[in-house]
Structures are given as structure tokens and as C-alpha cells.
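Below, each chain spelled out in residue letters.
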Amino acid sequence: MALKRSSEPQPDQPDRWEAQLRKGALEMAALASLWHGRLYGLEIIRFLESQSRLVLAEGTIYPILNRLKAEALLTSEWVEADAGHPRKYYSLTDTGRERLRLMATAWVDFSTGLTQLIEPVLQPQELLQ
Amino acid sequence: MTAQTPQTAQQQIDIFLADLRSNLAPITLAEREEILREITAHIYDSIELTGLPAAAVLAKLGSPQQLAAGYRDSALVREASYSISPMRLLRATLRIATKGLSGAIVFFVALVGYIIGASFVIAALVKPFFPQNTGVFVLHSYIYSIGVRSTIPAQPIHEVAGFWFIPISLAVGSAALVFTTLAIRRFLSLSSNWQQKLINQTLS
């Protein structure tokens, strides 16, 4: 098929808007990765990589975790590991859990609305094919 | 030889961490050390888990400058709202100024406040050394100028405050400095509250 759908992200041309979008979602994704229990930074990165294509550079996640902790949405503790150095584990606080629940609801409302809104934009291109 | 010698990999890691440390300078010592400890753990865990060479693991983290900038942006504003250092307060305001008009206005008002405050304090300190050049100068019962003049003004302009100028100017200058400091701190804590409120409003 010669015609390429323009709505598809081009992996070799990272769009600025798409980068902003991912960055905005990263905060919620970081919180969501801790829903089932505590994880350390690298585990959070691995989890996000396996579940989504959110992580831009691995380094972006650490300042976000730091800020979420400052906002008391997360707590952290240093845990000794076999690796020979301790690891910093993060877990959700009650406030964080509540915030994440609100975020998730808002996200679903938001994306449902937008999907309906952009439906006509996507349709003519599909008809062309 | 398939892998880099441990020496070289270790050096690369050390250089990265040293760069990160120096770029994290505005952040408090305790927080900076914790950040470095966490990033160090990330680097060694990554190498062990993926088997990638140190250079590749460091590249995936982004540059030390980028990484530090991520931390600085939020820490700067948070810490400055408890600070009394004019440099730190102005720097935090300047950071917000790049993101909106209200920040830019506050930055310039703050700058003017500091300059006015400092001018009064300096004038008070100059008065004992150049008593005839410094003070409140009056021309036909109107205030002609306040502060330090390079030449002694000719009659009928004359100075009226005398040595009372010192305590008064010190008080006015200090008041301007304190007021400016409190106003910026108020703005900075409001600004982080606003961000919080905006998030909450969007969610509820």
C-alpha cells in the first residue's frame, strides 16, 4: 500500500508535540507503575518500557519521581540489596493513590471525548485507502 | 578484548557523576547526595542487568546537564520560597518568568525593589563620609532629589535632613528589601500552589 496514514507516529521523526504529550503522561504512568507495590527507579523504567512507549530518555523519570516525592504523592526508602549497594524504593502514599485515581478517571474522560472529536479527521483517510 | 577495561568504564562513570554533581549545585547538599546515590545505583544496576557497556548506559540516561536541569526546575522554586537570599529568589523568579507574563512582571518588580532598597542603604552609609553631597535636597520647599549627588548643590538648593538622613534612609531601605523578599517568597509559594490547584481543578 503506497498511501501512508499520517496519523501514525514516525519513529524516525520524533514530533515535538508528541514528545510533550508523552512527558505530560509520564507523571501519571510513574504513579501507576507503583499501584501494586514498591519499585526502584530502574524497575519503574523497565515496567514503563514493557507496558508503553513512554520513556524518552531513562534520565527523565528520576526528576519526576523526585518531584512526586516532594509533593508527598510518593515515599521512598533505601533498601540493602545483593548488588552491594542499596536501592531507593518508591511507594504510593494515600494521597498519591487518591490522586492517581482522579488522574486515571480524568484521563479516560479526556481521551474518550477527544477520540470522538478526532474521529472525522481519521475517517476520510481510511476511505481513501 | 571484547569489553572495555574496567578502568575506562569506571572513569566514564566518575566523569558523568562529577558533571551531574556540579550541575546540581543550586540544590541542597543532602538532596544532591541522595540524587547522586540513586543515579549511581541506577548505572551499576543497569550495567549488571543489561550487560551493556558503561558508555551506552550513560547515553540512555541523557546528558548530566539535561538530567540536572530536570531536578533543578522544581527544586529551585520549592527551596527558594523558604530562602532570604536575593540571588536565589531572583533566580527562581527568573525561572518562572521564562514561563509566563506574571513571572516576568514579578521578576522586574523584584529587581526594582532590591535596587531601591539597596540605594537607600548605600546612601545612608555614604552620608557620614560625604555629608554635604548626601541627603534630602529641597528647592523652594519642594523635594529636588534624594540620595547621593556627585557635586555639592549650589543655593538655593539645600539639604534638610541632616544626620537624621542616616536612620531614616536605613529604615526605608531595609523596609524595601524586607518587603521585596517577602513579596517574592509569597509569589513563589503561591505559584507552586497555583500549579497544584490547577491540577486539582482539572481533575475534579
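Here we summarise the structure given alongside this text. Note that the structure is a prediction, hence the values are computed from the model and not measured.

**A short note on the pairing of strand β3 (residues 87–92) of chain A**
Residue and element names in this part refer to chain A.
Right, so step 1: Of all six residues that make up β3, six are buried, and the element is covered over most of its length.
Right, so step 2: In this sheet, β3 lies alongside strand β1 (residues 39–40) in antiparallel orientation, the contact comprising two bridges. Directly across from Tyr 40, in β3, lies its bridge partner Tyr 89.
Right, so step 3: Two strands pair when backbone bridges link them, and strand β2 (residues 74–79) and β3 are joined in this way by six bridges, in the antiparallel orientation.

**Observations concerning the pattern of salt bridges**
Right, so step 1: Applying the stated criterion across every chain, the model contains ten salt bridges over all chains.
Right, so step 2: For Lys 69 of chain A, the salt bridge goes to Glu 34 of chain B, with nearest N and O atoms at 3.9 Å. One end of the pair, Lys 69 of chain A, is in helix α3 (residues 61–70); the other, Glu 34 of chain B, is in helix α2 (residues 29–50), on a second chain.
Right, so step 3: Judged by its relative accessible area of 24%, Glu 34 of chain B is partly exposed.
Right, so step 4: In this structure, the salt-bridge partner of Lys 127 of chain B is Glu 159 of chain B, at a minimum N-O distance of 3.5 Å. Of this pair, Lys 127 of chain B sits in the loop between α6 (101–126) and β1 (134–139) while Glu 159 of chain B is found in strand β3 (residues 158–159), placing the two residues 32 residues apart along the sequence.
Right, so step 5: Taking the relative accessible area as the measure of exposure, Lys 127 of chain B reaches 2% and is therefore buried.
Right, so step 6: The structure contains a network of salt bridges with shared partners spanning Glu 27, Arg 67 and Glu 71 of chain A.

**So, the packing of α3 of chain A against α2 of chain B**
Right, so step 1: Contact geometry for α3 of chain A and α2 of chain B: axes closest at 12 Å, N-to-C directions at 135 degrees. Classified by the interaxial angle, the pair formed by α3 of chain A and α2 of chain B is oblique. As α3 of chain A runs across α2 of chain B, the sense of the crossing is right-handed. Residue-level inspection shows Tyr 62, Asn 66 and Lys 69 of chain A of α3 of chain A in contact with α2 of chain B, the latter providing Glu 31, Glu 34, Glu 38, Ile 39 and His 42 of chain B.
Right, so step 2: When the residues that make up the contact of α3 of chain A with α2 of chain B are grouped by side-chain class, the tally is two nonpolar, two polar and four charged.

**Details of the sheet that holds strand β2 (residues 142–148) of chain B**
Residue and element names in this part refer to chain B.
Right, so step 1: Sheet architecture is open: three strands sit in the order β2-β1-β3, paired in antiparallel fashion. One side of each edge strand has no neighbouring strand; the edge strands of this open sheet are β2 and β3.
Right, so step 2: Relative to β2, β1 runs antiparallel, the two sharing six bridges. Bridge pairing in β2 links Gly 135 to Gly 147.
Right, so step 3: On top of the sheet, α6 reaches β1 and β2; it is set at about 80 degrees to β2, its chief contact.

**Description of a nonpolar patch on the surface**
Residue and element names in this part refer to chain A.
Right, so step 1: A contiguous nonpolar surface patch, about 550 Å² in accessible area, is contributed by Phe 110, Leu 114, Leu 117, Ile 118, Val 121 and Leu 122.
Right, so step 2: Secondary-structure assignment places Leu 122 in helix α4 (residues 94–128).
Right, so step 3: Taking relative accessible area as the criterion, Leu 122 reaches 32% and is therefore assigned partly exposed.

**With respect to the packing of aromatic side chains**
Residues and elements named next belong to chain A.
Right, so step 1: A complete count under the given rule lists two aromatic pairs over all chains for this structure.
Right, so step 2: Ring geometry for Tyr 40 against Tyr 89: centres 5.3 Å apart, planes inclined by 75 degrees, an arrangement best described as edge-to-face. Pair noted here: Tyr 40 is in strand β1 and Tyr 89 is in strand β3, with a separation of 49 residues, a long-range link. One exposure class covers both Tyr 40 and Tyr 89, and it is buried.
Right, so step 3: Stacked on the ring of Trp 35, the Lys or Arg Arg 97 has its end atom at 4.7 Å from the ring centre.

Parameters and conventions
- Residues numbered from 1 in each chain as written.
- Chains lettered and ligands numbered in written order.
- Predicted model: local features only at pLDDT ≥ 70, side-chain atom pairs only at ≥ 80, totals over all residues.
- Heavy atoms only, no water.
- Buried < 20%, exposed > 50% of the residue type's maximum accessible area, 1.4 Å probe, protein only.
- Helix = DSSP H or I, 4+ residues; strand = E, 2+ residues; numbered from the N terminus.
- Pairing = 2+ DSSP bridges.
- Salt bridge = Lys/Arg side-chain N within 4 Å of Asp/Glu carboxyl O.
- Axes fitted to C-alpha atoms, helices over the stretch in contact; angles between N-to-C directions.
- Parallel < 35°, antiparallel > 145°, perpendicular 65-115°, else oblique.
- Left-handed = near helix turned anticlockwise from the far one by under 90°.
- Contact = heavy atoms within 4.5 Å.
- Nonpolar A, V, L, I, M, F, W, Y, C, P; charged D, E, K, R; others polar.
- Patch = residues over 30% accessible without salt bridge, like charges linked within 9 Å, V, L, I, M, F, W, Y side chains within 5 Å.
- Areas by Shrake-Rupley, 256 points an atom, 1.4 Å probe, with all protein chains shown as cover.
- Phe/Tyr/Trp six-rings, centres within 6.5 Å; stacked < 30°, edge-to-face > 60°.
- Lys NZ or Arg CZ within 6 Å of the ring centre and 35° of its normal.

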